[in-house]
Amino acid sequence: MGKKGLGLWLILAISVPTLKAQWISGFVPVRDLGVPDSNQLYFPSGSDAFQDFYAKLDTLLREGEGQINILHIGGSHVQAGTFSHQMRLRWLQVAPGLNAHRGWVFPFSVAKTNNPYNYQVKCSGNWSWCKNTQKNVPYLMGLSGMVVCANTPDCQLQIRMRNADIYVDFKRIRLFGFSDSNCVEPLLEIGGQLYEGEYDAQSRSYLFSPDLYSDSMKLLFVRKDAAWEPFYLRGFLLEDDAPGITYHAVGVNGASVPSYLQCPLFENDLQFVKPDLCIFGIGINDANTDQFDSAEFKKRYEWLIAEILHVAPQCKFLFITNNDSYRTLGRRRSSLNRNGPLVQQTFYRLAEQYKGAVWDLFAIMGGLGSVKRWESKGLVQRDKVHFTVPGYKYIGDLLFTAMMDAYAEHLNRKD
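Parameters and conventions
- Residues numbered from 1 in each chain as written.
- Predicted model: local features only at pLDDT ≥ 70, side-chain atom pairs only at ≥ 80, totals over all residues.
- Heavy atoms only, no water.
- Salt bridge = Lys/Arg side-chain N within 4 Å of Asp/Glu carboxyl O.
- Helix = DSSP H or I, 4+ residues; strand = E, 2+ residues; numbered from the N terminus.
- Buried < 20%, exposed > 50% of the residue type's maximum accessible area, 1.4 Å probe, protein only.
- Pairing = 2+ DSSP bridges.
- Axes fitted to C-alpha atoms, helices over the stretch in contact; angles between N-to-C directions.
- pLDDT = per-residue confidence, 0-100.
- Contact = heavy atoms within 4.5 Å.

A. The arrangement of the pattern of salt bridges in detail. Here the structure, examined in full by the defined rule, presents eleven salt bridges. Arg-172 is paired through a salt bridge with Asp-241; the nearest N and O atoms lie 3.1 Å apart. Residue Arg-172 is located in strand β9 (residues 172-179), and its partner Asp-241 is located in the loop between β15 (231-239) and β16 (244-251); the two are separated by 69 residues in the primary sequence. Overall, Asp-241 belongs to the exposed group, its relative accessible area being 56%. With its nearest N and O atoms 2.9 Å apart, the salt bridge here joins Arg-234 to Asp-269. In this pair, Arg-234 sits in strand β15 while Asp-269 sits in helix α7 (residues 266-270), placing the two residues 35 residues apart along the sequence.

B. The arrangement of the pairing of strand β19 (residues 326-330) in detail. As paired strands, β19 and strand β20 (residues 333-336) are joined by four bridges and run antiparallel to one another. Opposite Tyr-326, over in β20, you have Leu-336 as the bridge partner. In this structure, the hairpin formed by β19 and β20 is closed by a connection of two residues, where Arg-332 is found at a positive phi of approximately 60 degrees.

C. Looking closely at the sheet that holds strand β14 (residues 216-223). The five strands are arranged β5-β8-β14-β10-β11 in an open sheet whose pairing can be described as antiparallel. Here the strands that pair on one side only, and so sit at the sheet edges, are β5 (119-124) and β11 (193-196). Taking the axes of each pair of neighbouring strands and ignoring which way they run, one obtains an average angle of 25 degrees across the sheet. Of the pairings in the sheet, the one linking β5 to strand β8 (residues 156-161) comprises six bridges and is antiparallel in character. Bridge assignment links Ser-124 to a residue of β8, and that residue is Gln-156.

D. The arrangement of the confidence of the model for the protein in detail. Confidence along the protein averages 89 in pLDDT terms, with 90% of residues attaining 70 or more. Contacts for the low-pLDDT stretch residues 1-11, under 50 throughout, to residues beyond four places or in other chains number 22 contacts.

E. The arrangement of unusual backbone geometry in detail. Positioned with a positive phi, Arg-204 is a non-glycine residue whose angle comes to about 55 degrees. Mapped onto the elements, Arg-204 comes out in the loop between β12 (198-200) and β13 (205-208). The phi torsion at Lys-274 lies on the positive side, around 40 degrees, for a residue other than glycine. The topology assignment puts Lys-274 in the loop between α7 and β17 (277-281). On the basis of relative accessible area, Lys-274 is assigned to the partly exposed category, the value being 41%.

Below, the structure written as structure tokens:
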């Protein structure tokens, strides 16, 4: 056992409750919102299926070896980036000698939509884009659920990580994109040096292996001949060999389960992530309707889960129930969304079917109508759908605490 791994293991073994007190500084118990504290993971079929995931986490924390990939996929709650980044910070805090890698990145700003704060995107040239929430999509989409298209030779974009509180350097970059005839080639400028990527025609991606670590990169294009054709960019995967946890966040504002089912390159891109744990946060937009069909919702989830299991058969699933919310009825009109309990019940059935876990945010908030209480505490925005920045950080702390409580039970069982 390495010294680093032994130190991390001793931290956990000495006192999980003490460690929790450190990662939830500033954390407000749910009971202070006037509702029962139900912040835990529920395992309708028992937690035995998660023991493989916990064993991998044991090795990482005890030996300081290995890598764990977590994929958090959803709609606007995930695209905003605050919720998922809070999870990254907490994983880094519980394992300070290891790393919490950034993983999957998409240049949302190029598509004229909100970009997570923890990385900055700048672009120039003529770009177009499409999203999986559109009825008619002109480009092939993959894991990101979005594509940006470079339409002119002067197109460039720059991505720079800007969080000093987390390990952000990357060693390899896989760029997911292509031009129809491969006459347009992407180049990455890193540390003032230009790098060519190795093209993999099967996955329609380029692998860049610069000879230095970096926290920023610039993308530009060259033509192999006189012709120019659009280049379709689906995203980046920032890779590193250092032991740690990579927390990939994939979210599209307004996305529902069918949104991701219309991404033909979803499995293609996912094979490079191969998640050990998939955290599902899709459902708030599916339930934004008068006539919610639980059976159809469940069937679509089954299709999406089948795609993930085809690529990562070892993957475990954690379902986040919808937050209590309002839905828009028209201009300046909204009403309480009464589909929350139906979605909640469906997630429990899915978790039972796939031997997964449920984090019951709907119950944690206090059930139907509780969103107004959370709004009064400054945790939910006026639309009564989205959380505020403090609210997203708060539910990130809640989810992480629930996950670590479940892991602590695993440690106790081992003892």
